[in-house]
Amino acid sequence: MIGVVDALFDRARERLGPIPRDGLGELVIPKRFLGVGRAPRIVPRGDAWHVGTLLIGDPGGEVEVAAVGDILRSRAEVRRGFTAEAQRERAALQAAAFRGGFAEGATLHLDYTPIDLAAVESGGSSGPLALRDGIPSIRWSAAGGWMPLETYLSDRIGLLLDPPGAAGNV
């Protein structure tokens, strides 16, 4: 029997069909070869739709539903000057994604957290999802309140399908 939470995500996937997906990646640090270290790379681990604070993938896939982690764009490695160490680290991750096989400029997600939908369905919580008063709900920010998951998905997918300022909205 399919649960309420699973049904919400199944309907979301149907609506998300025409929207492009983002890549999912995993940082791999290769072992040394003949004493020489090799550059780390981020390898593809599937794809998912980015819907607000959630990543929605295929049922049974690498990621069915996950909480968003770090978001990167793949970039070829170039020598740059940086004013902050954080910029240098981010550029190194972008170059690792390019080395791992992501196309230049491709958006990818790293360090995402899988969500246990069965735990939510049984009355518990997982990541930003919980069953509150019998209603599947989401907390879309650490400081934010709870919102019904159905409303959240409907609003976010509506914005993806018909973004404000798009040609048809003017």
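Note on numbering: residues in each chain are counted from 1, in written sequence order. Given that the model is predicted, a residue must reach a pLDDT of at least 70 before its local features are reported, and side-chain atom pairs must reach 80 or more before they are shown or counted; all residues, however, enter totals for whole chains, interfaces and linings. Side-chain numbers here rest on the full set of heavy atoms in the structure, without hydrogens or water.

The protein appears in an unreviewed UniProt entry as Glutaminase from Microbacterium aurantiacum.

## Topic: the overall build of the protein
Threshold: Numbering of helices and strands runs from the N terminus; a helix is a DSSP stretch of H or I covering at least four residues, while a strand is a stretch of E covering at least two. Each residue's exposure class comes from its accessible area (1.4 Å probe, protein chains only) as a fraction of the maximum for that residue type: buried when under 20%, exposed when over 50%, partly exposed otherwise. Here, two residues are considered to be in contact whenever any of their heavy atoms come within 4.5 Å of each other. Shrake-Rupley sampling with a 1.4 Å probe provides the accessible areas, and residues are treated as covered by the protein chains on show and by no other component. Under the convention used here, Asp and Glu are negative, Lys and Arg are positive, and both His and the chain ends fall outside the count. To locate a charge, take atom NZ for lysine, CZ for arginine, CG for aspartate or CD for glutamate.
What the protein contains, in helices and strands, is four helices and eleven strands. Once the C-alpha set of the protein is aligned to its principal axes, its extents read approximately 55 × 45 × 30 Å. The burial tally for the protein puts 33% of its 170 residues in the buried class. Within the protein, contacts between residues separated by at least 24 positions form 57% of all contacts whose residues are at least 6 apart in sequence. Total accessible area computed for the protein in this model is approximately 9,900 Å², and 53% of it derives from carbon and sulfur atoms. Side-chain charges in the protein split into 19 positive and 21 negative, and the spacing between the mean points of these groups amounts to 10 Å.

## Section: the nonpolar core
Here is the rule: By nonpolar core we mean a set of buried residues, namely Ala, Val, Leu, Ile, Met, Phe, Trp, Tyr and Cys, connected to one another through side-chain atoms within 4.5 Å.
Residues Phe9, Leu54, Ile56, Leu129, Leu149 and Leu153 are the most contacted members of the largest nonpolar core, which totals 21 residues. Taken together, the elements giving at least two residues each to this core come down to helix 1 (4-16), strand 2 (41-51), strand 3 (54-56), strand 4 (65-67), helix 3 (117-121) and helix 4 (149-161). When residues in this core are grouped by element, the largest group, five residues, is from helix 1. Beyond its immediate stretch of four places on either side in the chain, leucine 129 contacts Phe9, Ile115, Leu117, Val120, Ser137, Ile138, Trp146 and Leu149. With seven residues, the next largest nonpolar core counts Ile42, Ala97, Phe102 and Leu108 among its residues.

## Some details on helix 4
As a reminder of what qualifies: Any helix carries an expected span of 1.5 Å times its number of residues minus one. The arc in question is traced by the directions running from the helix axis to the C-beta atoms.
Look at helix 4: 18 Å from first C-alpha to last across 13 residues, which is about the 18 Å you get at 1.5 Å a residue. Residues of helix 4 that are buried include every one of Leu149, Tyr152, Leu153 and Ile157, and no others. Mapping the buried residues of helix 4 onto a view down its axis gives an arc of 115°, with all of them on the same face. In this fold, the buried residues of helix 4 make contact with helix 1, strand 2, strand 3, strand 9 (129-132), strand 10 (135-139) and strand 11 (146-148).

## Details of the pattern of salt bridges
For the record, the criterion: Each salt bridge in this description consists of a side-chain nitrogen of Lys or Arg and a carboxyl oxygen of Asp or Glu lying within 4 Å of one another.
Enumeration according to the criterion identifies six salt bridges in this entry. Glutamate 150 is the salt-bridge partner of arginine 11, the closest N and O atoms lying 3.6 Å from each other. Here arginine 11 is found in helix 1, whereas its partner glutamate 150 is found in helix 4, with 139 residues between them in sequence. By relative accessible area, arginine 11 is classed as partly exposed at 41%. Of the charged contacts in the structure, one is a salt bridge between glutamate 77 and arginine 99, with a shortest N-O distance of 2.9 Å. Highlighted residues: glutamate 77 in the loop between strand 5 (70-73) and helix 2 (85-99) and arginine 99 in helix 2, separated in sequence by 22 residues. Judged by its relative accessible area of 60%, glutamate 77 is exposed. Assessed through its relative accessible area of 34%, arginine 99 is described here as partly exposed.

## Some details on the packing of aromatic side chains
Keep this limit in mind: A pair of aromatic rings is counted whenever rings of Phe, Tyr or Trp (Trp by its six-membered ring) have centres within 6.5 Å, and the orientation is called stacked for planes under 30 degrees apart, edge-to-face for over 60 and tilted otherwise. Lysine NZ or arginine CZ positioned within 6 Å of the ring centre and within 35 degrees of the ring normal marks a charge as sitting over the ring.
Applying the stated criterion to the full structure yields zero aromatic pairs. Its end group placed over the ring of tryptophan 49, arginine 21 keeps NZ or CZ at 3.9 Å from the ring centre.

## A few points about the sheet that holds strand 6 (residues 107-110)
Where we set the bar: If DSSP finds at least two bridges between two strands, the strands pair.
Spatially, 5-6-1-2-3-4-7 is the arrangement adopted by the seven strands of the open sheet, whose pairing is mixed. The strands lining the two open edges of the sheet, one partner per strand, are strand 5 and strand 7 (113-114). Taken together, the three bridges between strand 2 and strand 3 define a ladder with antiparallel strand orientation. Looking across to strand 3, one finds that valine 51 is bridged to leucine 54.

## As for the environment of threonine 83
Within the secondary structure layout, threonine 83 lies in the loop between strand 5 and helix 2. For the pair threonine 83 and leucine 149, spaced 66 residues apart in sequence, the C-alpha to C-alpha distance is 41 Å.

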